[in-house]
Protein chains: 2
Amino acid sequence: MDIWVFLVFLLACGPAAATGAMFSPGAWYEALKKPVWTPPNWLFPVAWTTLYLCMSLAAERVARQAGATPAVGMALALYTLQMGLNCLWTPVFFGLRRMRAGMLVLALLWLAVAATLVAFWRLDWIAGLLFVPYLTWVTVAGALNWSVVSLNPDQAKGPVTV
Amino acid sequence: MDIWVFLVFLLACGPAAATGAMFSPGAWYEALKKPVWTPPNWLFPVAWTTLYLCMSLAAERVARQAGATPAVGMALALYTLQMGLNCLWTPVFFGLRRMRAGMLVLALLWLAVAATLVAFWRLDWIAGLLFVPYLTWVTVAGALNWSVVSLNPDQAKGPVTV
């Protein structure tokens, strides 16, 4: 087992886990009519933790099949990580209007895109080059998010509950 | 170029693109103070479309490096797709409270998880087995989402704007 590839795949479950923590069911969900077989609320995080472990173990096993070039598995694990973080930013910033949490997601996205760029470049420099516009744009987006937090301190203070 | 691997990686950008469409900036963002160099709104979808094409081309090139076992690239492309859809469901259902859109995301997630399970199983049956609990849980989640839509027709009718 390549523990690092497993850990990056596990890390790539982080954005999905974060959605569960940030968009919680709350009073709206409690008030909905639900079927009698609805699993109890406590079971959801337990189930998802188990599933994240299973799917990361599975992905590591598949990534390891890239026998000729083991670095392919790590590169695509990093790719999955950056894609999850990419999916997370808009709902946090525009959905929850949590600008500071959005800034954190964008900082993590920047790191994940940079790491993917490096891993890709080592395998194929054209693939690395194709990631340069992406890293540039995420840098601009990060500067914009940072400016908006600085220019709107009142709005940035607290989340808007949805 | 393996066009199918490229297309699955492009499809895997879909959930990220969907967040941009579903959590739009709106009046709240328009009213925020922004730096003078803020890119115009029309540039964002243009930039992202270009970036999705670049990153999918890059990922296909890297996936192709798994020379000994080309199916590894396709399997991990499907894995990226299911992870993005996984990140999308909670913000749509609990964030936007759009139950029907949530049902669509969950149906697509089910298909992506099933396709990943099959692709994984062909490469390594243990990796395939490790995906069985995941597909089972997504089936339960889908049945729950469907029941909630049916039992709460008034709530399911229209989205709650945030």
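Remember, it's a predicted structure, so these values are computed and weren't measured experimentally.

Definitions and cut-offs
- Residues numbered from 1 in each chain as written.
- Chains lettered and ligands numbered in written order.
- Predicted model: local features only at pLDDT ≥ 70, side-chain atom pairs only at ≥ 80, totals over all residues.
- Heavy atoms only, no water.
- Helix = DSSP H or I, 4+ residues; strand = E, 2+ residues; numbered from the N terminus.
- Contact = heavy atoms within 4.5 Å.
- Areas by Shrake-Rupley, 256 points an atom, 1.4 Å probe, with all protein chains shown as cover.
- Lys, Arg positive; Asp, Glu negative; His and termini not counted.
- Charge placed at Lys NZ, Arg CZ, Asp CG, Glu CD.
- Buried area = accessible area lost by both parts, 1.4 Å probe.
- Salt bridge = Lys/Arg side-chain N within 4 Å of Asp/Glu carboxyl O.
- Polar contact = N/O pair within 3.5 Å; in protein donor to acceptor, adjacent residues only side chain to side chain.
- Nonpolar A, V, L, I, M, F, W, Y, C, P; charged D, E, K, R; others polar.
- Buried < 20%, exposed > 50% of the residue type's maximum accessible area, 1.4 Å probe, protein only.
- UniProt positions renumbered as here; feature names shortened; annotations may be inferred.
- Expected span 1.5 Å × (residues − 1).
- Arc of directions from axis to C-beta.
- pLDDT = per-residue confidence, 0-100.
- Least-squares fit on C-alpha atoms with pLDDT ≥ 70 in both.

To continue, consider the overall build of chain A. Each helix and strand counted, chain A has 9 helices and 0 strands in total. Beginning at the N terminus, the succession of helices and strands in chain A can be written as α-α-α-α-α-α-α-α-α. Dimensions of chain A, computed from C-alpha atoms along their principal axes, come out at roughly 55 × 45 × 20 Å. Counting only contacts in chain A whose residues sit at least 6 apart along the sequence, the fraction spanning at least 24 positions is 76%. If you sum the accessible surface of chain A, you get close to 7,100 Å²; carbon and sulfur atoms cover 72% of it. Of the charged side chains in chain A, 9 are positive and 5 negative, and the gap between their average positions amounts to 9 Å.

In this section: the interface of chain B and chain A. Chain B puts 73 residues into the contact, and the matching count from chain A is 73 residues. Summed over both partners, the interface of chain B with chain A comes to about 6,900 Å²; 78% of that surface belongs to carbon and sulfur atoms. Summed over the shared surface of chain B and chain A, the number is 2 salt bridges. Its salt-bridge partner being D124 of chain A, residue R61 of chain B comes within 2.6 Å of it at the nearest N-O pair. For the interface between chain B and chain A, the tally reads 9 residue pairs in polar contact (both at pLDDT 80 or more). For the side of chain B that touches chain A, the secondary-structure elements that each account for two or more residues are α2 (14-22), α3 (26-31), α4 (43-63), α5 (71-95), α6 (99-123), α7 (125-129) and α8 (132-151) of chain B. No other element matches the 15 residues that α5 of chain B contributes to the side of chain B that touches chain A. In terms of residue class, the side of chain B that touches chain A is made up of 52 nonpolar, 16 polar and 5 charged.

Scanning the entire structure with this criterion turns up 4 salt bridges over all chains. R64 of chain B is the salt-bridge partner of E60 of chain B, the closest N and O atoms lying 2.9 Å from each other.

All right, on to unusual backbone geometry then. Of note in the backbone geometry, R97 of chain A takes a positive phi value of approximately 55 degrees without being a glycine. The buried category is assigned to R97 of chain A, whose relative accessible area is 18%.

To continue, consider the UniProt feature "transmembrane region" (unreviewed entry) in chain A. Taken from the UniProt record, the annotation "transmembrane region" (unreviewed entry) applies to residues 42-59, 71-94, 100-121 and 128-149 of chain A. Summarising residues 42-59 of chain A: 94% helix, 0% strand, and an end-to-end C-alpha distance of 27 Å.

Mapped onto this structure's residue numbering, the UniProt feature "signal peptide" (unreviewed entry) falls at residues 1-18 of chain A. In residues 1-18 of chain A, the share of helix is 78% and the share of strand is 0%. The end C-alpha atoms are 27 Å apart.

All right, on to the environment of M103 of chain A then. All names here are of chain A. With respect to the helices and strands, the residue M103 is situated in helix α6 (residues 99-123). Residues M103 and V148, spaced 45 residues apart in sequence, show a C-alpha to C-alpha distance of 10.0 Å. Sequence-distant contacts of M103, that is, excluding residues within four places in its chain, are made with G142, N145 and W146.

Moving on, we come to helix α4 (residues 43-63) of chain A. With 21 residues, α4 of chain A should reach 30 Å at 1.5 Å per residue; the first-to-last C-alpha distance of 30 Å fits that figure. All buried positions along α4 of chain A are accounted for by A47, W48, L51, Y52, C54, M55, S56, A58, A59, E60, V62 and A63 of chain A.

For helix α1 (residues 3-11) of chain A, the full list of buried residues reads V5, F6, V8 and F9 of chain A. The arc that holds the buried residues of α1 of chain A, viewed along the axis, is 165 degrees, so those residues lie on one side. Pointing more than 90 degrees away from the buried face of α1 of chain A are the exposed residues W4 and L11 of chain A. Residues of α1 of chain A that are buried sit in contact with α4 and α5 (71-95) of chain A together with α5 of chain B. With a side-chain oxygen positioned 3.1 Å from the backbone nitrogen of W4 of chain A, the residue opening α1 of chain A is D2 of chain A.

Mapped onto the fold, R122 of chain A is located in helix α6. On a C-alpha basis, the gap between R122 of chain A and M22 of chain A in space is 36 Å, while along the polypeptide they are 100 residues apart.

Here we take up the confidence of the model for chain A. With 96% of its residues at a pLDDT of 70 or more, chain A has an overall mean of 92. At the level of chain-chain contacts, confidence expressed as ipTM amounts to 0.91, with global pTM at 0.92.

Attention now moves to the side chain of E60 of chain B. With respect to the secondary-structure elements, E60 of chain B resides in helix α4. Residues in contact with E60 of chain B, not counting those within four places in the same chain, are M1, D2, V5, F6 and F9 of chain B.

The transform that puts chain B on chain A rotates by 180 degrees and translates by 0.0 Å along the axis, for an RMSD of 0.0 Å. Look at the turn and shift together and you get a two-fold axis relating the two. An overlap of 100% is found between the interface residues of chain B and their copies at the interface of chain A, pointing to a shared contact surface.

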